[in-house]
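Here is how the chains run, residue by residue.
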Amino acid sequence: MIERRQQFQVVLQLVGDLVAIGLAVPIAYWLRFVIEIHPVTKGLPPVSMYLNLVPVVLVLYPVVFYFQGLYHRRRIRSRFDEGLRVVAAVFLATVILAAGLTFYRPPDFTYSRLFLVILAATDIGLVGLFRWTVAASLARIRRSGGNLQRVLVVGAGELGREVVERLNIHREYGFTVVGFLDDDPGRQQRDIHGVPVLGTTKDLKDVITERRVDQVMIAL
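Not measured: the values here are computed from a predicted model. (Residues numbered from 1 in each chain as written. Predicted model: local features only at pLDDT ≥ 70, side-chain atom pairs only at ≥ 80, totals over all residues. Heavy atoms only, no water.)

What follows concerns the side chain of aspartate 17. Among the secondary structure elements, aspartate 17 is positioned in helix H1 (residues 2-34). In terms of polar contacts, aspartate 17 uses its side chain to reach the side chain of tyrosine 71, at 2.6 Å. Within polar-contact distance, the side chain of aspartate 17 engages the side chain of arginine 131 at 2.9 Å. Ignoring anything within four residues of it in the chain, the contact list for aspartate 17 reads Phe65, Tyr71, Val127 and Arg131. (Helix = DSSP H or I, 4+ residues; strand = E, 2+ residues; numbered from the N terminus. Polar contact = N/O pair within 3.5 Å; in protein donor to acceptor, adjacent residues only side chain to side chain. Contact = heavy atoms within 4.5 Å.)

Here's what the structure looks like:
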């Protein structure tokens, strides 16, 4: 079940990226040659030449995103960290695209370097917007009690309590703590922050099965 949910999230992320990347090419063309962010001195190039890049970027950019770890799903990842990864991935993909266009280009035609810069900036903006929308939607679902993962915390000491506090504060991560395990006899059969101590570390396998635990967090 947990694997299917993660696969669905990755597919959702990929679809959003593909839509953003596909839209970035015509928008960049429009900004460069129609709006003319910088004056066009060599006449208006045919839009078809730039639209021919769409299949290329739809393959190139997601492949670079994959190797930059943007499809390795982790519930606890800061927006800042993901934003940096998106910027780095788009920059690298655009450099590869520019290098490829220097070796292969149609006769008597040169792609605008400013277009490539605008394409990168547009791509970063659109990919970031789509990813933020997906993340915000998932966070809203998790706060309302959907798409949750059941967590068992091993260690009911100070660190374990801090883990539970943080997970309770950040409901958007989508974790619900089902209990603690701890080898301290003084902590058995107690509730800590409203979470029961279910046994010792020797009971790990049985508790995982009985409580249908999705993830174990070690807080020793």
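Okay, the packing of aromatic side chains next. To describe a pair of aromatic rings, one takes the distance between the centres and the angle between the planes. Counted according to the given criterion, the structure contains 6 aromatic pairs. Arranged with centres 5.1 Å apart and planes meeting at 90°, the rings of tyrosine 50 and tyrosine 111 form a pair that is edge-to-face. With tyrosine 50 in helix H2 (residues 47-51) and tyrosine 111 in the loop between helix H4 (79-103) and helix H5 (113-143), this pair connects stretches of sequence that are 61 residues apart. With respect to class, tyrosine 50 is no different from tyrosine 111; both count as buried. Plain terms: the ring middles of tyrosine 50 and phenylalanine 115 are 4.5 Å apart, the flat faces sit at 65° to each other, and that makes the pair edge-to-face. Placement of tyrosine 50 in helix H2 and of phenylalanine 115 in helix H5 is noted, with a sequence separation of 65 residues between them. With respect to class, tyrosine 50 is no different from phenylalanine 115; both count as buried. An aromatic cluster is built from Tyr29, Phe33, Tyr50, Tyr111 and Phe115, whose rings are joined through pairwise contacts. (Phe/Tyr/Trp six-rings, centres within 6.5 Å; stacked < 30°, edge-to-face > 60°. Buried < 20%, exposed > 50% of the residue type's maximum accessible area, 1.4 Å probe, protein only.)

Turning our eyes to something else, we now look at H4. Taking 1.5 Å per residue as the helical rise, H4 with its 25 residues ought to reach 36 Å, and the 37 Å between its terminal C-alpha atoms agrees with that figure. Buried within H4 are the following residues: Glu82, Val86, Ala89, Val90, Ala93, Thr94, Leu97 and Leu101. (Expected span 1.5 Å × (residues − 1).)

Another aspect to go through is unusual backbone geometry. For arginine 212, which is not glycine, the phi torsion reads 55° and is therefore positive. Positionally, arginine 212 belongs in the loop between helix H7 (204-210) and strand E5 (215-218). Judged by relative accessible area, which is 56%, arginine 212 ranks as exposed.

Core analysis: the largest hydrophobic core is formed by 33 residues, its most contacted members being Tyr50, Tyr61, Phe65, Leu97, Tyr111, Phe115 and Leu119. Counting residues per element, the ones that place at least two in this core are H1, H2, helix H3 (54-67), H4 and H5. When neighbours within four sequence positions are excluded, tyrosine 61 is seen to be in contact with Ile21, Val90, Ala93, Thr94, Leu97, Leu119 and Asp123. Of all hydrophobic cores here, the second largest spans 14 residues; its members include Val153, Ala156, Val164 and Val177. (Core = buried A, V, L, I, M, F, W, Y, C linked by side-chain atoms within 4.5 Å.)

What follows covers the confidence of the model for the chain. Reading fine detail from the predicted coordinates is not recommended where pLDDT is low. When the pLDDT values of the chain are averaged, the result is 85; 91% of them are 70 or greater. Taken element by element, the chain is modelled with least confidence in strand E3 (residues 191-192), mean pLDDT 82, and with most confidence in H3, mean pLDDT 95. (pLDDT = per-residue confidence, 0-100.)

The sheet built from 3 strands is open, its strands ordered E2-E1-E5 with parallel pairing. Each having just a single partner strand, strand E2 (175-181) and E5 make up the two edges of the open sheet. Averaged over all pairs of adjacent strands, the angle between their axes in this sheet comes to 30°, without regard to strand direction. By the bridge criterion, 6 bridges tie strand E1 (residues 149-154) to E2 in an arrangement that is parallel. Within E2, the residue paired with valine 153 across the bridge is phenylalanine 180. Lying over the sheet, helix H6 (residues 158-169) contacts E1, E2 and E5, oriented at roughly 165° with respect to E2. (Pairing = 2+ DSSP bridges. Axes fitted to C-alpha atoms, helices over the stretch in contact; angles between N-to-C directions.)

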